[in-house]
Structures are given as structure tokens and as C-alpha cells.
Amino acid sequence: AQSVTQLDSHVSVSEGTPVLLRCNYSSSYSPSLFWYVQHPNKGLQLLLKYTSAATLVKGINGFEAEFKKSETSFHLTKPSAHMSDAAEYFCVVSDQQNAGNMLTFGGGTRLMVKP
Amino acid sequence: GAGVSQTPSNKVTEKGKYVELRCDPISGHTALYWYRQSLGQGPEFLIYFQGTGAADDSGLPNDRFFAVRPEGSVSTLKIQRTERGDSAVYLCASSRDPSGANVLTFGAGSRLTVL
């Protein structure tokens, strides 16, 4: 079984300050982990993915995430927030033993960026 | 096509009516997924197709929900005797194949409102 917990439902930052969105996962096997972003009325867009290669993963738009097995965490960070980063972010796990690659989503974190 | 296309983008119906939602995946993608996203929540898995067959339908909430993919491309999600609790955004995704390394590409979703 697999599950994901996003520790904050809302995060508010000022433009130009760092972003931290927290995610903890549970998986019976070696997980694949993803972060997706959802802008209003748009489809889910992949930010980055971890599939057992380097533990620090770089994604699009300056985002990165670090896989920490000992902490079962996969937090998303960005050094400097931009107004266009305001959106809903989902941490997602897929069990690599899962033949169908079904994804389990966290509840989401809404990122607000203040001018 | 270039992306995953879902129609209609919005559907308003009355309780008890029958609804069909269509998904046109990326050309050549053999795996197709349906997810449901209720307000304020992360998407939840409904059903997954590999080719024409439903490989896993464990996420369908009850027997009012059914999905088909007769030619291994376009898929239709069918909901009978709709209830107000069925109101949600229904997301379709496709991937080249169902292995864990392949990323799912999501459509923009079909927003269903049951009055």
C-alpha cells in the first residue's frame, strides 16, 4: 500500500523568498515520487520526478526536491518565489512494484505568493 | 494529438441522468487512466486501461460507473443515475506504457456538476 501526506494545506510566501512544500510518503516497495502543479482551470503539469537515481532532483521553473529515505520525505523547494508560482501543488507516489503505475496523490498544498 | 484532450470541459446535469465523458489520449500511448478530483482534494484513481482492456478498475466507487476503450485509443467514462456526490472534476491521463518510469500526461479535465 502507498500513501502521501502533504503537511500544509496552504503556504503563503512573499515574492523573492524561498518556498518549502512538505511531503511525507509511505510505500511498501521502492517508490517513484513526483511533484505535479495545477494552475486554475489547467491540467496537472509534472514539475519533477524521482525514480531511484540521484536523490536531489531538479525540475522545471527552478524547483527541486530531495528524496530522504530515512525520513520518508520528498519536500519541494525553490530559492526564490515568483508570482507565477501561485498554484496547487501535489506530491505523488507510485509503487515501483505497481504494474499499472497507478499514482496516489496527496491532498495538495495551495501556494500563495504575495507581492 | 499533442496532448490529452477531454470533452466536455464542463457538464451540468440533473440528478438521475446519464452522463458520458470522453478522453482522447496522446497518439501511441497504450496506457490510459481516469481519476476523480473532488473539491479541495487530490485526484483519486478510478480505472486504468492497458490497450483495450481494463487492467484495474478497483477505484470505481460503485456499479453506476463504467468505462470503455473499445479500440485502444479513445476512452469514455459513463455514469448512470448521477447523484449530487458525483460532482467533481474527472481527469484523464495517458502514458506510453504502464511501467513506473513513464510519466503520466493529464488532460485539463471534465468538470461535472450534478444538480
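These figures come from a predicted structure and were not determined experimentally.

Conventions adopted
Residues numbered from 1 in each chain as written. Chains lettered and ligands numbered in written order. Predicted model: local features only at pLDDT ≥ 70, side-chain atom pairs only at ≥ 80, totals over all residues. Heavy atoms only, no water. Pairing = 2+ DSSP bridges. Helix = DSSP H or I, 4+ residues; strand = E, 2+ residues; numbered from the N terminus. Axes fitted to C-alpha atoms, helices over the stretch in contact; angles between N-to-C directions. Contact = heavy atoms within 4.5 Å. Buried area = accessible area lost by both parts, 1.4 Å probe. Salt bridge = Lys/Arg side-chain N within 4 Å of Asp/Glu carboxyl O. Polar contact = N/O pair within 3.5 Å; in protein donor to acceptor, adjacent residues only side chain to side chain. Nonpolar A, V, L, I, M, F, W, Y, C, P; charged D, E, K, R; others polar. Disulfide = S-S within 2.5 Å. Buried < 20%, exposed > 50% of the residue type's maximum accessible area, 1.4 Å probe, protein only.

**Some thoughts on the sheet that holds strand E7 (residues 65-68) of chain B**
Residue and element names in this part refer to chain B. The strand order across the open sheet formed by 4 strands is E1-E3-E8-E7, and the pairing between neighbours is antiparallel. What marks the edges here is a single partner per strand, and that holds for strand E1 (5-7) and E7. Between one strand and the next, the sheet's axes are offset by a mean angle of 15°, whatever the strand orientation. In terms of strand pairing, E7 meets strand E8 (residues 75-79) through 4 bridges, oriented antiparallel. Across the sheet, residue Phe65 finds its bridge partner in E8, namely Ile79.

**Observations concerning the interface of chain A and chain B**
By a frequent convention, interface size equals the accessible area lost on bringing the separate parts together. Tallying the contact residues gives 19 residues for chain A and 22 residues for chain B. Interface area, chain A with chain B, both sides summed: about 1,500 Å², of which 56% is carbon and sulfur. Where chain A packs against chain B, one counts 0 salt bridges. Counting across the interface, chain A meets chain B through 3 residue pairs in polar contact (both at pLDDT 80 or more). Contributions of two or more residues to the side of chain A that touches chain B are made by strand E5 (31-38) and strand E6 (44-50) of chain A. Take the side of chain A that touches chain B: its biggest share by element is 4 residues, from E5(A). Taken together, the residues of the side of chain A that touches chain B break down into 9 nonpolar, 8 polar and 2 charged.

**Description of the state of the cysteines**
Applying the stated criterion across every chain, the model contains 2 disulfides over all chains. At a sulfur-sulfur separation of 2.0 Å, the disulfide partner of A:Cys23 is A:Cys91. In this structure, the disulfide formed by A:Cys23 and A:Cys91 twists by about -65° around the S-S bond and is classed as left-handed. You can see A:Cys23 sitting in strand E4 (residues 23-27) and its partner A:Cys91 sitting in strand E10 (residues 87-95), a full 68 residues away along the chain. Residue A:Cys23 shares its accessibility class with A:Cys91, and that shared class is buried. Note that B:Cys23 is cross-linked by a disulfide to B:Cys92, the S-S spacing being 1.9 Å. Disulfide B:Cys23-B:Cys92: torsion about the S-S bond near -70°, hence left-handed. One end of the pair, B:Cys23, is in strand E3 (residues 19-24); the other, B:Cys92, is in strand E9 (residues 88-95), and 69 residues separate them in sequence.

**Side note on the pattern of salt bridges**
Throughout the structure, instances matching the rule amount to 7 salt bridges over all chains. The shortest N-O distance in the salt bridge between A:Lys58 and A:Glu64 comes to 2.7 Å. Residue class for A:Lys58 comes out exposed when judged on its relative accessible area of 62%. What makes A:Glu64 partly exposed here is its relative accessible area of 23%. The closest approach of N and O atoms between B:Arg22 and B:Asp24, which form a salt bridge, is 4.0 Å. By relative accessible area, which is 41% here, B:Arg22 ends up partly exposed. Residue B:Asp24 is classed as partly exposed on the basis of its relative accessible area of 29%.

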